[in-house]
Amino acid sequence: MRVNNIAVIGAGVMGRGIAYAAAVGGFRVALQDISQAALQSALADIEQNLAQAVARQKLTEADVRAAMARMETTTSLEQAASNADLVIEAVLEKMELKVAVFQQLDAHCPPHTVLATNTSTMSPTEIGAATKRADKTIAMHFFNPVPKMKLVEIVRGLDTSDETYAVARSVAEQMGKETVEVNEFPGFVTSRISCLVGNEAMRMLQEGVASAADIDKAIKLGLNYPMGPLELADLVGLDTRLRNMQYLHEKLGETYRPAPILEKYVKAGRLGRKVGRGFYDYTAPKA
Ligand SMILES: NC(=O)c1ccc[n+]([C@@H]2O[C@H](COP(=O)([O-])OP(=O)(O)OC[C@H]3O[C@@H](n4cnc5c(N)ncnc54)[C@H](O)[C@@H]3O)[C@@H](O)[C@H]2O)c1
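These numbers were taken from a predicted model, which means no experiment stands behind them.

J.: Help me out: how do you make sense of the sheet that holds strand E1 (residues 5-9) in this one?
T.: Working definition: the strands of a sheet are paired by backbone hydrogen bonds and lie parallel or antiparallel to each other. In spatial order, the strands read E3-E2-E1-E4-E5-E6-E7-E8; together these eight strands make up an open sheet with mixed pairing. Two strands lie at the open edges of the sheet, namely strand E3 (71-74) and strand E8 (178-183), each paired on one side alone. For this sheet, the mean inter-axis angle between neighbouring strands, taken without regard to orientation, is 25°. Pairing analysis gives four bridges linking strand E4 (residues 86-89) to strand E5 (residues 114-117), with the strands arranged parallel. The residue of E5 that forms the bridge with Glu89 is Thr117. Helix H2 (residues 36-55) rests against strand E2 (28-32) and E3 of the sheet, and its axis sits at about 160° to E3.

Pasting the structure below:
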């Protein structure tokens with residue numbers, strides 16, 4: 001099946017990045033969110049990312065105009081779904097919300113539409129089973145920030161067809177991404193490792209082993225990670241990371257119990273970069 005039109009549901013940290021990659025990859029994109037403010041901020045971010053790509057000579061001004069001409073935003077799920085060949089869902093990491101969104105998509109998308117979820121941890125089988133198209137449901141797990149990160153983890157549900165897998169893979173490749181095929185298991189490959197490393201760093205912080213900056217510096221310079229685990233958690237969003245940990249704790253057991261400091265920061269509204277404060281303060285003027 002040839003994909004021309006992609007709908008992206010949810011215009012938060014990930015949805016806006018996926019919309020960027022899809023538009024630059026040559027697809028027509030309908031970016032949908034229930035929040036008009038999220039759509040406006042997404043468009044501003046996408047324009048900024050496009051400008052940076054021009055500055056780095058990755059794209060031309062003409063590429064940018066063409067990408068923006070392929071992009072529309074809407075608060076109507078029905079409108080985004082009605083013309084989509086592929087939908088990529090990037091709403092909050094809550095199973096009941098994803099199921100509700102997929103049931104609406106199932107009702108409003110044409111019969112041929114493939115439904116993908118960008119979940120970090122959850123079961124595409126469970127999400128697909130709530131629709132009448134389990135064979136056309138799959139997980140496409142993108143990474144943050146999407147414009148820069150190369151990987152898409154592709155996770156089949158129990159009934160996902162080979163054709164659906166082929167569609168997901170070929171779309172990811174057209175977006176300039178590398179793919180890996182992963183069998184369904186909570187947390188796939190990447191989130192299972194990344195959540196564990198991040199949680200251990202948070203435990204060290206609360207135990208007073210070292211400061212946040214020194215934990216991150218040690219992991220970057222000593223273990224050759226490109227980002228420290230606390231910096232990464234701030235980039236992901238601490239609310240999103242907490243939901244990931246809660247799901248993995250429920251499914252995989254004690255090893256994944258969320259660090260109390262993570263719960264405390266989320267309760268305090270310190271959600272990371274997107275609000276200006278998490279393990280680090282992003283509002284402070286640079287020295
Ligand atoms: N943040 C990351 O680094 C990261 C990385 C990979 C995967 N993910 C996964 O991507 C998904 C989205 O995460 P995020 O960090 O972008 O979240 P986010 O909180 O930044 O954005 C979620 C967006 O969904 C919107 N939304 C909520 N309910 C909706 C609905 N019913 N219909 C349409 N839009 C709705 C919200 O208004 C918000 O703009 C989650 O499943 C998360 O686990 C996140």
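From this point, things continue past the structure.
J.: I keep staring at the nonpolar core and nothing clicks. Help me out?
T.: The nonpolar side chains of soluble globular proteins are, as a tendency, buried together. Formed by 40 residues in total, the largest nonpolar core has its most connected members in Ile6, Leu86, Ile88, Met140, Phe142, Val171 and Met175. Broken down by element, this core gets its largest block of residues, seven residues, from helix H1 (residues 13-24). Not counting chain neighbours up to four residues away, the residues in contact with Phe142 comprise Met14, Ile18, Ile88, Asn118, Leu151, Val152 and Met175.

J.: Please explain a positive patch on the surface as it appears in this structure.
T.: A cluster of basic residues, Arg56, Lys58, Lys148 and Lys150, forms a positive patch on the protein surface. Turning to its location among the elements, Lys148 is positioned in the loop between strand E6 (137-141) and strand E7 (151-156).

J.: Help me understand the pairing of E1 in this model?
T.: On a regular strand, each side chain points to the face opposite its neighbour's, so the side chains alternate between the two faces of the sheet. With five of five residues buried, E1 is to be regarded as a mostly interior element. Neither face of E1 is exposed, since Asn5, Ala7 and Ile9 on one face and Ile6 and Val8 on the opposite face are all buried. Examined bridge by bridge, E1 and E2 share five bridges and lie parallel to one another. When the bridges of E2 are listed, Asn5 appears paired with Arg28. Viewed along the sheet, the connection from E1 through H1 into E2 turns out right-handed.

Conventions adopted
- Residues numbered from 1 in each chain as written.
- Predicted model: local features only at pLDDT ≥ 70, side-chain atom pairs only at ≥ 80, totals over all residues.
- Heavy atoms only, no water.
- Pairing = 2+ DSSP bridges.
- Helix = DSSP H or I, 4+ residues; strand = E, 2+ residues; numbered from the N terminus.
- Axes fitted to C-alpha atoms, helices over the stretch in contact; angles between N-to-C directions.
- Contact = heavy atoms within 4.5 Å.
- Core = buried A, V, L, I, M, F, W, Y, C linked by side-chain atoms within 4.5 Å.
- Buried < 20%, exposed > 50% of the residue type's maximum accessible area, 1.4 Å probe, protein only.
- Patch = residues over 30% accessible without salt bridge, like charges linked within 9 Å, V, L, I, M, F, W, Y side chains within 5 Å.
- Areas by Shrake-Rupley, 256 points an atom, 1.4 Å probe, with all protein chains shown as cover.
- Salt bridge = Lys/Arg side-chain N within 4 Å of Asp/Glu carboxyl O.
- Lys, Arg positive; Asp, Glu negative; His and termini not counted.
- Charge placed at Lys NZ, Arg CZ, Asp CG, Glu CD.
- Right-handed = clockwise from strand over helix to strand, strands pointing away.

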